[in-house]
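Here are the chains, one letter per residue:
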Amino acid sequence: MAQITPVETYSFTPDDLKVGERRPGISAFVRTRNGADFIRATILSHAPYVDEIVAVYNQCTDGTEAILAGLQDELGPEKLRLYHYLPRVHPPGSSEHAAEPGASPHSVVNYSNFALTRTSRQVVVKLDDDHIAFDRLLAPMVADIRSGGLAPGRMTCFSGLNLARDANGDIGIHAGTPFSGNGDIGFFRLTPDAYFVHDRRFEDFRKYHFRRVFGGFAYWHMKYLKTGLGFANYEIEEGRNRRFERKERDFLNSREVITLAELQASLPGLRSRVMRHLPFEKWALIGGRALAILDNMVTEADIADLVAAQGLGRALTA
């Protein structure tokens, strides 16, 4: 019998982070709404690398709850802790989100901070419900963090590749938006000022309180392979989410899928190497990410293996 805690209302305060009471180790947290497509693969692929996963779900009408309950039976309630967040959460990009105070139970900011406060370890990482761990590169990253620690004030950022299908159904890298993770996702040691705040567009993690360093590629981003191409939860059809309506339109107008070799050919090698060493954090992160691709940190075989393992069909080949 799954142990699921219902949450009828909540309003975040920084004291809820309980920084001084946290145990050594790594916590992951994931927020999900109708994540049945990939939530199982997300959790199972990351479970070996963290000490606990906190999963919080909201407004699910698909099989997400049953999948999470089954996963908890497999992994145990200490490894996977489940919360059903009951207040309606306005989607990022919507006019309701823009107007909702960040501490409101209906704000995705408050919802995200609730998930963060349920973690109990000193090092924390956020997962999305469509992130599948890139084992070959994530394993040494986690090993380094566990052996050397992660100093307060440092964030080891990582990225993923956005996978999508072409007109023939083959899976490759989305040409228009090949990368996921632009310095906003990574491992960080929780501090009293590390939490989400309100931005009219979305929930904004206070990442600028950290010295961010690019650690490599650590996941495959399956957003464009989800039901509704990853846009289904933004309530675009109601006409109140112009931000993601535009993003969906841009995606539908540019469905080109490319191979890794084609992505490498499109990246500016010299400029990336210069950017990697500039004293501007975001530029250095972007440069480091490009160099990782140019230096063959990821291979075509990695993509083919992922596609085969997930039973997704066939990987695009040159």
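For the structure, check the block above.
The rules behind these values
- Residues numbered from 1 in each chain as written.
- Predicted model: local features only at pLDDT ≥ 70, side-chain atom pairs only at ≥ 80, totals over all residues.
- Heavy atoms only, no water.
- Phe/Tyr/Trp six-rings, centres within 6.5 Å; stacked < 30°, edge-to-face > 60°.
- Lys NZ or Arg CZ within 6 Å of the ring centre and 35° of its normal.
- Buried < 20%, exposed > 50% of the residue type's maximum accessible area, 1.4 Å probe, protein only.
- Helix = DSSP H or I, 4+ residues; strand = E, 2+ residues; numbered from the N terminus.
- Pairing = 2+ DSSP bridges.
- Right-handed = clockwise from strand over helix to strand, strands pointing away.
- Contact = heavy atoms within 4.5 Å.

**Here's the deal with the packing of aromatic side chains**
The geometry of an aromatic ring pair comes down to the distance between the two centres and the angle between the two planes.
Piece 1. Applying the stated criterion to the full structure yields 19 aromatic pairs.
Piece 2. Linked through ring pairs, Tyr10, Tyr83, Tyr85, Tyr111 and Phe114 together constitute an aromatic cluster.
Piece 3. Above the face of the phenylalanine 231 ring, lysine 223 is positioned so that its terminal group lies 4.4 Å from the ring centre.
Piece 4. Over the ring of phenylalanine 244 we find arginine 243, and its NZ or CZ is 5.8 Å from the ring centre.

**Regarding the pairing of strand β4 (residues 80–85)**
Piece 1. The element β4 is largely enclosed, with a buried count of 5 among its 6 residues.
Piece 2. Bridge count for strand β1 (residues 4–7) against β4 is 4 bridges, and the pairing is parallel. For proline 6, the partnering residue across the bridge sits in β4 and is histidine 84.
Piece 3. What joins strand β3 (residues 52–57) to β4 is helix α2 (residues 64–75), and the crossover it makes is right-handed.

**A few points about the environment of proline 192**
Piece 1. Mapped onto the fold, proline 192 is located in the loop between β10 (186–189) and β11 (196–198).
Piece 2. The residues contacting proline 192, other than those within four sequence positions of it, are Pro14, Leu17 and Val19.

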